[in-house]
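So you can see what is in the structure, the chains are spelled out below.
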Amino acid sequence: MARQHVGSMLAVALIIGTFASVPASVQSIGVCYGMLGNNLPSSSDVVQLFRSKGVNGMRIYSPHKPTLDALRNTGIALNLDVGSDGEVAKLAASSAAAASWVRDNVRPYYPAVNIKYIAVGNEVQGGATQSILPAMRNLNGALAAAGLGSIKVSTSVRFDVVANSFPPSSGVFSQSYMADVARFLAGTGAPLLANVYPYFAYRDNPRDISLGYATFRPGTAVRDDGSGLTYTNLFDAMVDAVHAALEKAGAAGVRVVVSESGWPSAGGFGATAENARAYNQGLIDHVGRGTPKRPGALETFIFAMFNENQKTGDEIERHFGLLTPNKSPAYTIRF
C-alpha cells in the first residue's frame, strides 16, 4: 500500500485469526500479500495458509518467482502487479519489452497459476502517469499475441484520482489521463483497480467524518441529493464516487475492483485493534452486497496479510496486517 490520503484507492483481503469456512457471499474477497518484512513466513507457507483458510484471491506487487511457483494448481485467483514505476516505463517504451515480460513472468506459470489481472503500476503519480496507458496497451497486445487475452490488464489507482468525491454522484477524474485509461478499459472489458481507504479520509477530517461511518458501525445515514441514494458507510460513498467518475469519462460499463482496503491496528490516530477489527469485519460482511449505485458482489482485496516491518512512511504503514509475522492474528475476524 502506497500512502493514501482523503482519497486513496481500492483493495480487500480475507483471512484472520479465527478462520472459519468461507461463505459464498465473501468468495470475491482476497488478501494482499505484501513482502516488505524481514521476518515473514516463506512464500510456500503463505500460499498454504491461503489454501487452508479458504482464501480465494491474492494480490502480489511484483512477479515474485517463489510465490508464483507456490501458487501452481491452487486455483487462487491472482492480481499480479508488474512492479515498480521503472518497470511501467520499460513496458511503455516498447512492445518488445512487453513481449519479454509476458514471456518471463506469465507464460511459464499460466494457466497453472490462475492469473486474473495484471496491474500496470500501483498508485503511480506525477509524470510517471504518462507511461501507464502505453504500457497497458503494449502489455495487452503482448498477452493477445501469446494467446493469453483472457488475462485482463489494468492499473491500480489512488482514490485521489477522483475529485469532487462528495457527494459521490459528483465524482470526476481529476487528471485527464484517467479518462483515456477508463476508455481503454471499456474497450478491453477490464476493471479499474482502485485502492480505497476510509481510514485516511477519517484521519484527515475527523470533525466531519464520524468513526462509526468510517468503520461500518450503524447509526449514520448520508443522502446524496444528486442521485437520491443514501449511504450508511464511507466505503460505499468512496467506491460510488469512482463509479460516477467512470460514467463521466464515458466508461460507465467498467467495473471497479477494490485492489486494496484496510485499517491499521496501531501507530497513529484512530489506529487501534478494535477499529481495525470493526472495519475489516464490516468490509467482509458488506462487499457481497455491493454499493447503493452498483448492487451485487464487489470484488475486494483487504490490505494486508501481514504487518510488514520494513515498510517506509508513517508508523501506521507497518500495522495493516491481519496477522503478525508469526501467523498469529492481530485481532479476531470471523467469516
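Provided above is the structure to which this section pertains.
Residues numbered from 1 in each chain as written. Predicted model: local features only at pLDDT ≥ 70, side-chain atom pairs only at ≥ 80, totals over all residues. Heavy atoms only, no water.

Undergrad: Can you explain the overall build of the protein chain? Please cite residues and give values.
TA: Scanning the protein chain from terminus to terminus reveals ten helices and twelve strands. Computed over the C-alpha atoms, the radius of gyration of the protein chain is 19 Å, within 12% of the 20 Å expected from 2.2 N^0.38 for a compact globule of 335 residues. Overall, the C-alpha framework of the protein chain stretches about 55 × 45 × 35 Å when taken along its three principal axes. Restricting the contact set of the protein chain to residue pairs at least 6 apart, pairs at least 24 apart contribute 72%. Entry remark: accessible area of the protein chain is about 12300 Å², with carbon and sulfur atoms responsible for 50%. Of the side-chain charges in the protein chain, 28 are positive and 24 negative, and the distance between the mean point of each set is 5 Å. (Helix = DSSP H or I, 4+ residues; strand = E, 2+ residues; numbered from the N terminus. Rg over C-alpha atoms; globule rule 2.2 N^0.38 Å. Contact = heavy atoms within 4.5 Å. Areas by Shrake-Rupley, 256 points an atom, 1.4 Å probe, with all protein chains shown as cover. Lys, Arg positive; Asp, Glu negative; His and termini not counted. Charge placed at Lys NZ, Arg CZ, Asp CG, Glu CD.)

Undergrad: I'd like a rundown of helix 10 (residues 273–286), residues and numbers included.
TA: Side chains of residues three or four places apart in an α-helix project in the same direction, reflecting 3.6 residues per turn. With 14 residues, helix 10 should reach 20 Å at 1.5 Å per residue; the first-to-last C-alpha distance of 19 Å fits that figure. Of all 14 residues in helix 10, ten are buried, a share of seventy percent or more. Within helix 10 the residues assigned to the buried category are Asn275, Ala276, Ala278, Tyr279, Asn280, Gln281, Gly282, Leu283, Ile284 and His286. The secondary structure elements touched by the buried residues of helix 10 are strand 1 (29–32), helix 7 (198–204), helix 8 (211–214), helix 9 (234–248), strand 11 (256–261) and strand 12 (300–302). (Expected span 1.5 Å × (residues − 1). Buried < 20%, exposed > 50% of the residue type's maximum accessible area, 1.4 Å probe, protein only.)

Undergrad: Describe the pairing of strand 1, listing the residues and the values that go with them.
TA: Of the two faces of strand 1, the one carrying Ile29 and Val31 and the one carrying Gly30 and Cys32 are both buried. Pairing geometry for strand 1 and strand 12, over three bridges, is parallel. From the neighbouring strand, Val31 faces strand 12, where its bridge partner is Ile302. Examined bridge by bridge, strand 1 and strand 2 (residues 57–60) share two bridges and lie parallel to one another. What sits directly across from Val31, in strand 2, is Met58. For the handedness criterion, the β-α-β arrangement of strand 1, helix 1 (residues 43–52) and strand 2 is classed as right-handed. (Pairing = 2+ DSSP bridges. Right-handed = clockwise from strand over helix to strand, strands pointing away.)

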